[in-house]
Amino acid sequence: MSDSAPPRSVWSRSSKLLKLAAGLAQKEAAGRLTRAFEKGEALAHRLHTAKVQVEQAREIVEHLGQLKGAAMKAGQLLSMELRDVLPPEVVEILSKLQDSGNHVSFAEIRSILEDELGSELLGQLEVEAQPLASASIGQVHLAHWNRPDGGREAIVLKVQFRGIADTIESDLAVLEKVARLFLAMQLKDIEVSGAFDELKAVLVRETDYEAEADSLERYRVKAADLPGVRVPRCFRELSTKRVLALSYEPGVKVDAFLSTGPTREERERYAHVFLDLYFREFFDWGLVQTDANFANFLFRPSTSELVVLDFGATRDYPQAFRDDYRQLILSSFRRDEQATYEAALRIGLIDPSESEAARAALFALLESVLCIFRDEHQPYDFTDRRHTDAAAEALKAFYKSLKRGTAPAQLIFLHRKLAGVHAMGKALGARLDLRVYWERLTSPERRAA
């Protein structure tokens, strides 16, 4: 693991990204020349194309993992939002960016803490050198706080790497060009500017730890009475824009939880907590922690609690948007195509200039996704790939039918969270009767209860 800080200057980071783009373009040009000599040899053509694409993806992972910050986050976006237009081998490699961040040296972390907190406050802290976690924007360290009142408390410090906030705009501008180049290599005409605009807005917020503290405290108030959910406390006196101090919340990640051999009842109890939390976040609160990375959740079997971490990507969804989204779901379930189409127009899921074929593809997609709530599919088995595979194929068909690009940017992170909830249900091997959640959608007074 590297212990050096990621490049901070705009020139240093942009030059690395531009070299990456130039290298990919050069490799693609060479690949096309080779394929010209292979004309007529279909199998060789497919094998060569796959090899080039996989090698390109590996290079992207290597470069973006080194840069961290916005560059690495954008690489993650490519693996999430463009998974239906890129080859599966490429998506698989890009998805490894979720775990590929190397940690920064403790000397660098301590220097950041000194700058942010000052020597007096830092003198109250005993910070462990080995990080608990390292991601694209910052690093998490366990510490003990020797409070002025004589108390001592275990806390965690989320420390942001230097200069990350300053690189967002330049990183994303260059990486949008890389994304367009990569899609052009696949002969795809997909509009990505909306996705990158949304990513920029979320990244700006993620790099403002004071804003994250605000989101955490709002979320903590809303979740206070939820059984089975625990949210850390924030210590404002030890927090800044670049340092976030939180209560230490012990727990284990999902893999460690599953390794203990929990019963089906225990696994499905947690699956219900995840689903209930998502429904409350979006439909009741309009406040969604959109990063469903498994690392952001801890299981505490001793108390049957789920610990929710990381509120940097928390998003607000206005009531009007949530009402239209709910209407889209209900109309589609009733197979009312006109009402479904009108709701889809209101949330920007489809453009009015799209063809009848695109509308039909949208209806087919929604039917494929929502069928899991129908009586004949209860209890729904999250491990059954037939539903997810059918939905994936319907999504590809919908994208293929469109003339004007991808889904609205405001849905990107919402659907990322929804996909993460489903992935957790699959990891837990859950089989749940989903009709109770459908009743909450159709009965607003029950949702508010």
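Everything numeric in this text was worked out from a predicted model, so none of it was measured.

A. Molecular detail of the overall build of the protein chain. Helix and strand counts for the protein chain stand at 17 helices and 12 strands. Expressed as a percentage of its 449 residues, the buried residues of the protein chain come to 52%. Residue pairs at least 24 apart in sequence account for 71% of intrachain contacts in the protein chain once pairs closer than 6 positions are excluded. Taken as a whole, the protein chain presents about 20,700 Å² of accessible surface, with 52% of it coming from carbon and sulfur.

B. The sheet that holds strand E9 (residues 305-308), seen in detail. Within the open sheet, the three strands sit side by side as E5-E9-E8. Their pairing is mixed. Taken across any chain shown, the strands that pair with only one partner, and hence form the sheet edges, are strand E5 (229-230) and strand E8 (297-300). Looking at chain direction, E5 and E9 are connected through two bridges and run parallel. Each bridged residue has a counterpart across the sheet, and for Val229 the counterpart in E9 is Leu306.

C. Just the side chain of Asp276, in detail. Note on placement: Asp276 falls in helix H10 (residues 264-285). You can call Asp276 buried: its relative accessible area is 19%.

D. Region of interest: unusual backbone geometry. Looking along the chain, the bond that leaves Gln378 and enters Pro379 is cis, with omega of -10 degrees. You can see Pro379 is positioned in the loop between helix H13 (356-370) and strand E11 (380-381). For Ser304, which is not glycine, the phi torsion reads 60 degrees and is therefore positive. One can find Ser304 in the loop between E8 and E9. Since its relative accessible area comes to 27%, Ser304 is described here as partly exposed. The backbone phi angle of Arg335 is positive, close to 60 degrees, even though this residue is not glycine. Following the sequence through the fold, Arg335 ends up in the loop between helix H11 (319-333) and helix H12 (337-346). Looking at Arg335, the relative accessible area reads 53%, which means it is exposed.

E. Focus on the pairing of strand E6 (residues 243-247). With five of five residues buried, E6 is to be regarded as a mostly interior element. Relative to E6, strand E4 (residues 152-160) runs antiparallel, the two being bridged by five bridges. If you follow Val156 over to E6, its bridge partner there is Leu246.

F. Region of the structure containing the pattern of salt bridges. On inspection of all chains with the given rule, the structure shows 28 salt bridges. Salt-bridge contacts for Asp214 lead to Arg236; the nearest nitrogen and oxygen are separated by 2.5 Å. Taken together, the positions of Asp214 in helix H8 (residues 209-222) and Arg236 in the loop between E5 and E6 put the pair 22 residues apart, joining distant regions of the chain. Accessibility expressed as a relative area gives 38% for Asp214, which makes it partly exposed. Across the pair Glu393 and Lys396 runs a salt bridge, and its minimum N-O distance is 3.9 Å. Of the two residues, Glu393 and Lys396 both sit in helix H14 (residues 385-401), three residues apart, roughly one turn of that helix. A cluster of three or more residues bridged by salt bridges with shared partners is formed by Arg147, Asp149, Glu153 and Arg233.

G. Region of the structure containing the packing of aromatic side chains. By the definition in use, this model includes 21 aromatic pairs. When the ring of Phe282 is compared with that of Tyr325, the centres are 5.1 Å apart and the planes differ by 70 degrees; the resulting orientation is edge-to-face. In this pair, Phe282 is assigned in helix H10 and Tyr325 in helix H11, connecting sequence segments 43 residues apart. Of the two residues, Phe282 and Tyr325, neither departs from the other in class, the shared state being buried. Arg147 extends its terminal NZ or CZ atom over the ring of Trp145, reaching a point 5.9 Å from the ring centre. In this structure, Arg359 packs its charged tip against the face of Tyr341, placed 3.9 Å from the ring centre.

Parameters at a glance
- Residues numbered from 1 in each chain as written.
- Predicted model: local features only at pLDDT ≥ 70, side-chain atom pairs only at ≥ 80, totals over all residues.
- Heavy atoms only, no water.
- Helix = DSSP H or I, 4+ residues; strand = E, 2+ residues; numbered from the N terminus.
- Buried < 20%, exposed > 50% of the residue type's maximum accessible area, 1.4 Å probe, protein only.
- Contact = heavy atoms within 4.5 Å.
- Areas by Shrake-Rupley, 256 points an atom, 1.4 Å probe, with all protein chains shown as cover.
- Pairing = 2+ DSSP bridges.
- Salt bridge = Lys/Arg side-chain N within 4 Å of Asp/Glu carboxyl O.
- Phe/Tyr/Trp six-rings, centres within 6.5 Å; stacked < 30°, edge-to-face > 60°.
- Lys NZ or Arg CZ within 6 Å of the ring centre and 35° of its normal.

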